[in-house]
Amino acid sequence: MKKIEILDCTLRDGGYVNNWEFGEKNIKSIISKLALAGVDIIECGFLTNEAGFTAEQSQFNSISEIEDYITSGNTDCMYVCMINYGDCSIEDITDYNGGNLTGIRIAFHQKDMLGAVELSKKIISKGYKVFLQPMVTINYTDKELLELVEMANEMKPFAFYIVDSFGMMKQNDLIRMFYLVENNLMKEIAIGYHSHNNLQLAYSNAQALLNINTNRTLIIDSSVMGMGRGAGNLNTELFIEYTNSNYNTNYFVYPLLQIADEVLT
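The shown structure was predicted, so the numbers you read here are calculated from the model rather than taken from an experiment.

Caption draft 1: Examining the overall build of the protein chain more closely. Within the protein chain, the secondary structure is distributed over ten helices and nine strands. For the protein chain, the C-alpha radius of gyration of 17 Å lies close to 18 Å, the compact-globule estimate for 265 residues. Per-residue burial over the protein chain gives 58% buried out of 265 residues. When contacts within the protein chain are restricted to residue pairs at least 6 apart in sequence, those whose partners lie at least 24 apart make up 75%. For the protein chain, the exposed area adds up to about 11200 Å²; of that, 48% sits on carbon and sulfur atoms. For the protein chain, the separation between the mean place of its 19 positive charges and that of its 33 negative charges on side chains is 5 Å.

Right under this line is the structure:
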């Protein structure tokens, strides 16, 4: 039986809307309320070598900086950050020391695939769970995607993603790519889906993915109010209602509505 997990990326993808200037108090509040809602995986922002960020922004120069914002104490959630390949060196990532942040998502363009895989291996060796995020996954040929799947099987990341960076995937595209990955990826590796809403298909595509009969863990990315780059993402508050009604999940909507009312509007 499949396991469904929701990953909220409001503080990271949503930052493209406001230059990540949520405010220190609001960043802590969003993380805390996402935890209260029972969101499985909370993305706290970007990890980057670039200097000049303030405490008011959800872009960080170190793991320890991110840890300071995780105050909820909810150990049922996984806390992660994202690295855009090329924006952070392995020397600036400390070994995992038992802190709250346990996962790192590696987003990369196809031309950087080999470098991103090598970086991911090094991050895994430091004790973190790695999420492989091949941007614009639809641009990969079947052969290229299977090559990346084979590399993933060797390194064993926590999750392998189908990323619809430009929101142009139709349902048939998504399902075809899913089965290609599903039938070749090691079963213990989760498959994730990150959507954008350019064609207003994020919600229906995510529904279609969950309707697939699989025993694998499926991770669906979303953000509060769909806040994200370009046309935005799947709405967390809407999709958890769908999973609660159809898959017996137990997420709580009210804390997400508080984020929308108190922070984002």
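Caption draft 2: How the structure looks around the layout of surface pockets. One number sums up the size of the largest pocket: a volume of about 290 Å³. Lining the largest pocket are 20 residues; nearest its centre among them are Arg12, Met135, Ser165, His196 and Arg229. For the lining of the largest pocket, the class distribution of residues is nine nonpolar, eight polar and three charged.

Caption draft 3: Local environment of the pairing of strand S9 (residues 217-222). With five of its six residues buried, S9 lies for the most part within the structure. Note that strand S1 (residues 3-8) and S9 share six bridges and pair parallel. Bridged to Ile6 within S9 is Ile220. Here strand S8 (residues 190-194) pairs with S9 via three bridges, running parallel. Note that in S9 the partner of Gly192 across the bridge is Ile219.

Caption draft 4: Seen up close, the nonpolar core. In this structure, Ile93, Ile104, Ile106, Ile123, Phe160 and Ile220 are the most contacted members of the largest nonpolar core, which totals 78 residues. Not counting the four nearest positions on each side in its chain, Ile220 is found in contact with Glu5, Ile6, Leu7, Tyr193, Ala206, Leu209, Leu210, Leu234 and Phe239. With eleven residues, the next largest nonpolar core counts Leu7, Val163, Ala190 and Ile219 among its residues.

Caption draft 5: Just the packing of aromatic side chains, in detail. A full pass over the atoms with the stated rule returns eleven aromatic pairs. Both rings, one in Phe60 and one in Tyr69, keep their centres 5.2 Å apart while their planes meet at 65°; by these two values the pair is edge-to-face. Tyr69 shares its class with Phe60; the two are buried. Ring geometry for Tyr96 against Tyr128: centres 5.7 Å apart, planes inclined by 70°, an arrangement best described as edge-to-face. With a gap of 32 residues between them, Tyr96 in the loop between strand S4 (78-84) and strand S5 (101-108) and Tyr128 in the loop between helix H5 (113-125) and strand S6 (129-134) connect regions that are remote in the sequence. Under the relative-accessibility criterion, Tyr96 is labelled partly exposed at 31%. Ring pairing ties together the aromatic residues Tyr203, Phe239, Tyr242 and Tyr247, which thus form one cluster. The lysine or arginine in question, Arg229, covers the ring of Tyr16, its NZ or CZ lying 4.3 Å from the ring centre.

Caption draft 6: Representation of helix H10 (residues 254-264) in the model. Buried residues of H10: Pro255, Leu256, Gln258, Ile259, Ala260 and Val263, and no others. Among the structural elements, helix H3 (24-36) and helix H9 (236-247) are those in contact with the buried residues of H10.

Caption draft 7: Structural view of the pairing of S6. With five of six residues buried, S6 lies mostly within the body of the structure. Pairing analysis gives six bridges linking S5 to S6, with the strands arranged parallel. Looking at the pairing, Phe108 lines up with Pro134 of S6. Between the parallel elements S5 and S6, the chain passes through H5 in a crossover that is right-handed. In the sheet, S6 pairs with strand S7 (residues 159-163) via two bridges, with the strands oriented parallel. From the neighbouring strand, Leu132 faces S7, where its bridge partner is Phe160. As for the winding sense of the linkage, the β-α-β connection from S6 through helix H6 (residues 142-155) to S7 is right-handed.

Conventions we followed
Residues numbered from 1 in each chain as written. Predicted model: local features only at pLDDT ≥ 70, side-chain atom pairs only at ≥ 80, totals over all residues. Heavy atoms only, no water. Helix = DSSP H or I, 4+ residues; strand = E, 2+ residues; numbered from the N terminus. Rg over C-alpha atoms; globule rule 2.2 N^0.38 Å. Buried < 20%, exposed > 50% of the residue type's maximum accessible area, 1.4 Å probe, protein only. Contact = heavy atoms within 4.5 Å. Areas by Shrake-Rupley, 256 points an atom, 1.4 Å probe, with all protein chains shown as cover. Lys, Arg positive; Asp, Glu negative; His and termini not counted. Charge placed at Lys NZ, Arg CZ, Asp CG, Glu CD. 1 Å grid on protein atoms, 1.4 Å probe; cavity = no way out; pocket = protein on both sides within 12 Å on 5 of 7 lines; lining within 4 Å. Points joined across faces, edges and corners; volume = space filled by probe spheres on them. Nonpolar A, V, L, I, M, F, W, Y, C, P; charged D, E, K, R; others polar. Pairing = 2+ DSSP bridges. Core = buried A, V, L, I, M, F, W, Y, C linked by side-chain atoms within 4.5 Å. Phe/Tyr/Trp six-rings, centres within 6.5 Å; stacked < 30°, edge-to-face > 60°. Lys NZ or Arg CZ within 6 Å of the ring centre and 35° of its normal. Right-handed = clockwise from strand over helix to strand, strands pointing away.

These figures come from the coordinates and say nothing about function on their own.
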